[in-house]
Structures are given as structure tokens and as C-alpha cells.
Amino acid sequence: MNFNRKLVLADGTVFPGNGFGSKEEVIAEVMFNTGMTGYQEILTDPSYHNQMVCMTYPMIGNYGINQEDYESKSHGASALIVKEYCEVPSNWSAVQTLDEFLKSRNTPGLCDVDTRALTIRIREAGAIRGIMVDATVSDEEALAKLNATEVLTAHVKQVTPKASYKVPTQNKKFRVVFMAFGAKQGIINELAARGCEVIVVPYHTTFEEIKALNPDGVVLSNGPGDPTDIPEVLPVIRELQVNYPLFGVCLGHQLFALANGATTSKMKFGHHGGNVPVKDIALGRTLITSQNHGYQVNRESLEGTDLELTHYAINDDTVEGVKHKKYPAFTVQYHPEAHPGPSDSKYLFDQFIANLSK
């Protein structure tokens, strides 16, 4: 096979393949996702900002792109890497092929790649930066360009909305402020379905500005990057948890933990997929969860804080949920809205609504 595009990793490993989607050259962190389906939600999840996603499931693109499964219309993954790209999708709701979708968002794709070898490389070496280039670019030139490019930080500032906006709902019961660090539409939809008028605000919104909106509760959204990049939000979270019922997801969970004295750290390759088993301690149940995170709350750092462990990952014992011992505030590391993934954890939205009712 004559390959026309390739991925060069920071350690010099080269993965040849063929391009589809945009022809844009891209530099980003490379990670893998174990989901069998849900590539549209993954590609439009702002939590994947500045990341190339390697799908471990072999064939991707077979059901195309529809109008309903967008998590964000403007932000998401930087590139897609697959073993086999399906050029002709077959699904009644498809309005675009995956190739057309990637071109519309100026996102490059790479297929015919040995994704098993790439996944093993990431598992062994940990999350690693890479550059996707045309095959005519020499390996040495690509690697030099990658090494000369500054590592991007403060990703939240690039995906947060520029201004606040309201998402109305029928049969309004509550008003919820949604702090958007890289918000997924699926979380907003779950709140709206439970009678919440959702006001989405940028990550830098002050406590006084949120208080002026007269909310019944606050949700801290998911988002990309290192939670320690935005320490300015921690004092705001500390004031919010005292005054309103609070629910945090993914990056919101990590920020909530930092605000209460815990610490976080980067994982070797993180949790990315829709099949991660998590134990809910209070219920005594094992949940299959949808996850996308490269950072974790350090379990030992919870000692001496006002936080109590509520969920943990069965595979590696990492922290998956905490609650405050004094206030009606709780968070989880995974994505309870299940876009994509299993819906085992949607009951958490009902718990938040119960706190609002009180």
C-alpha cells in the first residue's frame, strides 16, 4: 500500500497511513479510546481539545454523522486515527459521511494505521505528543517541528463560551447555572429534561455574577487539560458550595477537589472509553461508565479534607467520585450523561435534582 500521510510520535516512532478528512497538519497529544461506537460524540467533546484520538475498535464511520449527537458545534478532538475508515455509511439518520464531517471542521483523519501497535505504545510510554503530516515530509523534519512547538496549556480558556446564554426548558422547576469549562450538550440536555432552566456561563464568571442570576443550584462541567491551569476558579467554587447545591463532572470534579484541599496528578494514559467499571460505595453497585480524562484526584490527598470518597474505579482503584461532608455538593470523574456510553449513572442527575428540591 502506498501511504500518503503519517503520524510521528515524540519518541521518533512513525505510524504510516492514509489521510481522510482535512489535510491540515496538526500537533497534539495522542491518546486512545476503547469505545466501539460514539465517534461523533467523541469528536465533538470539548474535553478532547488538543488531542488526537486513536479508536481501538477497527472499523469507524459505518453509521455516518447525524444531526442529534453533537456535543459541541465548535470544539472537539484535533484529529482522528483509525484502523479502517468506512467510506459508505448505512444509517437512516446519517446526513454526512465521517470524511465530510471532518473536512467541515478542518479536522484531519488518518486510516490504515496499525492502531493496536499505537495503543500498546501509548500504554507502555504513556500519553505522548505527536505530529500528523503528509508522507512527503521526512521523519526528521516532522520530529524537529514537533520538538520545536511549545506545549499548549490552559485549554479551558480556548473552549469556554465567550458569553453567557440561556437554555430554556418546558415545565421549568429550577434554574441552574452551568459553569462551562468545556461543556457537553448531553449534560445540559439531562438537566433540561428534569425541568431545569440552564444558564451556561464562561469559566471565569465570578461568584457575585452567578449570585445575581439567582440560581437554585450550580453544575461544574467537564473540560480539557490540567485542572491546576485555572486556579482562579477555586475561590469561586468554595463560595458556591456554601451557598448552593453543587454537582461536578470530570474536570469539574477535579476542580472541586482542589478547591477543598485535595491534589491532582496526570495519569499515565488516562481513562477513555465507555466500558470503565466503577463502584458506587453507598449503593454497593458496580456501574459501567463513560470516561474521558487524563488527570485524577489523588486518593491519599482526601485525608484531612472535608471530602468523602463515594466512587472508585475497580480496575485501578482511582477516585471516581466525592461528596462534601457539610454541604450538598458532590462530583464524579466520569460522564453520567452517557454520550456516548452506558446510562447506568443517570441517577446522579436525579440526586442533584433532589438536592435542589430541598
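The written sequence of each chain sets the order in which its residues are numbered from 1. Two thresholds apply to this predicted model, a pLDDT of at least 70 for residue-level local features and 80 or more for giving and counting side-chain atom pairs, whereas whole-chain, interface and lining totals are computed over all residues. To obtain the side-chain values, all non-hydrogen atoms of the structure were included, while hydrogens and water were left out.

Below, the discussion takes up the nonpolar core. By nonpolar core we mean a set of buried residues, namely Ala, Val, Leu, Ile, Met, Phe, Trp, Tyr and Cys, connected to one another through side-chain atoms within 4.5 Å. Burial classification: accessible surface area is computed with a 1.4 Å probe over protein chains only, and a residue below 20% of its type maximum counts as buried, one above 50% as exposed, and the rest as partly exposed. Counting residues in hydrophobic clusters, the biggest one holds 33 residues, and the most contacted among them are M179, F181 and L240. Numbering of helices and strands runs from the N terminus, with a helix taken as a DSSP run of H or I at least four residues long and a strand as a DSSP run of E at least two residues long. Of all the secondary structure elements, the ones that give two or more residues to this core are β11 (174-180), β12 (196-202), α7 (207-212), β13 (217-220), α8 (234-243), α9 (251-259), β17 (307-313) and β18 (319-324). With six residues, α9 is the single largest residue contributor to this core. Listed in part, the 27 residues of the second largest apolar core include F178, L191, L287 and V332.

For Q254, the location among the structural elements is in helix α9. For Q254, a relative accessible area of 2% translates into the label buried. Contacts are residue-level and defined by heavy atoms, with any inter-residue pair within 4.5 Å sufficient. In contact with Q254, other than residues within four places in its own chain, are P227, T264, H293, Y295, Q296, V297 and Q333.

Turning next to the sheet that holds β11. Note on pairing: DSSP must find at least two bridges between two strands before they are called paired. With mixed pairing, ten strands are arranged side by side in an open sheet as β10-β12-β11-β13-β14-β19-β18-β17-β15-β16. What marks the edges here is a single partner per strand, and that holds for β10 (165-167) and β16 (285-297). Between one strand axis and the next, the sheet turns through 25 degrees on average, direction left out of account. Sheet topology places strand β14 (residues 246-249) next to strand β19 (residues 329-332); four bridges connect them, and they run parallel. What sits directly across from L246, in β19, is A329. Relative to the sheet, helix α6 (residues 185-193) contacts β10, β11, β12, β13 and β14, its axis offset from that of β12 by approximately 150 degrees. Angles here are taken between N-to-C directions and fall from 0 to 180 degrees, while the axes themselves are lines fitted to C-alpha atoms, restricted in helices to the stretch in contact.

In this section: the packing of α8 against α9. Helix packing geometry: the angle between the two helix axes and the distance between the axes. Close contact between α8 and α9 brings their axes to 9 Å; oriented N to C, the two are set at 85 degrees. Judged by the inter-axis angle, α8 sits roughly perpendicular to α9. Packed against α8, whose contacting residues are L234, I237, R238 and Q241, the element α9 presents L255, F256, L258 and A259 at the interface. Its residues placed into classes, the contact of α8 with α9 shows six nonpolar, one polar and one charged. Oblique is the label for every angle not falling under 35 degrees (roughly parallel), over 145 degrees (roughly antiparallel), or within 65 to 115 degrees (roughly perpendicular). Residues are grouped as follows: Ala, Val, Leu, Ile, Met, Phe, Trp, Tyr, Cys and Pro are nonpolar; Asp, Glu, Lys and Arg are charged; every other residue, Gly included, is polar.

Let us look at the domain arrangement of the protein. Think of interface size as the accessible area that goes away when the parts come together; that is how it is often given. Bear in mind that the domain bounds are from an automatic or database domain assignment. For the protein, the domain assignment lists domain 1 (5-152) and domain 2 (156-357). Inter-centroid distance (C-alpha atoms) of domain 1 to domain 2 is 27 Å. Contacts between domain 1 and domain 2 engage 25 residues on the former and 21 residues on the latter. Buried surface at the junction of domain 1 and domain 2, summed over both partners, amounts to about 1800 Å²; 51% is from carbon and sulfur atoms. As a working definition, buried area equals the accessible area (1.4 Å probe) given up by two parts on being put together, with both sides summed. Looking only at domain 1, the three residues that lose the most surface to domain 2 are S47, H49 and E71, adding up to 29% of its buried area. Take a side-chain nitrogen of Lys or Arg and a carboxyl oxygen of Asp or Glu: if they are within 4 Å of each other, that pair is a salt bridge. At the junction of domain 1 and domain 2, the tally comes to two salt bridges. Close ionic contact of D45 with K184 constitutes a salt bridge, the shortest N to O distance being 4.0 Å. Two N or O atoms form a polar contact when they lie within 3.5 Å of each other; inside protein one atom must be a possible hydrogen donor and the other a possible acceptor, and for residues adjacent in sequence the pair counts only when both atoms belong to side chains. Counting across the domain 1 and domain 2 interface gives 14 residue pairs in polar contact (both at pLDDT 80 or more). Contributions of two or more residues to the side of domain 1 that touches domain 2 are made by β3 (26-33), α1 (39-43) and α3 (115-125). Of the residues belonging to the side of domain 1 that touches domain 2, the class tally is nine nonpolar, ten polar and six charged.

The next subject is the packing of aromatic side chains. Within 6.5 Å between ring centres, the rings of Phe, Tyr and Trp (the latter by its six-membered ring) count as paired, and their orientation is classed by plane angle as stacked under 30 degrees, edge-to-face over 60, tilted in between. Summed over the entire model, instances satisfying the criterion amount to eight aromatic pairs. When the centroid spacing of 5.8 Å and the interplanar angle of 35 degrees are considered together, the rings of F247 and F352 count as tilted. Residue F247 is located in strand β14, and its partner F352 is located in helix α10 (residues 347-357); the two are separated by 105 residues in the primary sequence. Using a relative accessible area of 0% as the deciding quantity, one classes F352 as buried. Criterion for a charge above a ring: Arg CZ or Lys NZ at most 6 Å from the ring centre, at most 35 degrees from the ring normal. The ring of Y70 carries K73 above its face, with NZ or CZ at 3.6 Å from the centroid. Above the plane of the ring of Y347 lies R285, whose end atom (NZ or CZ) is 5.9 Å from the centre.

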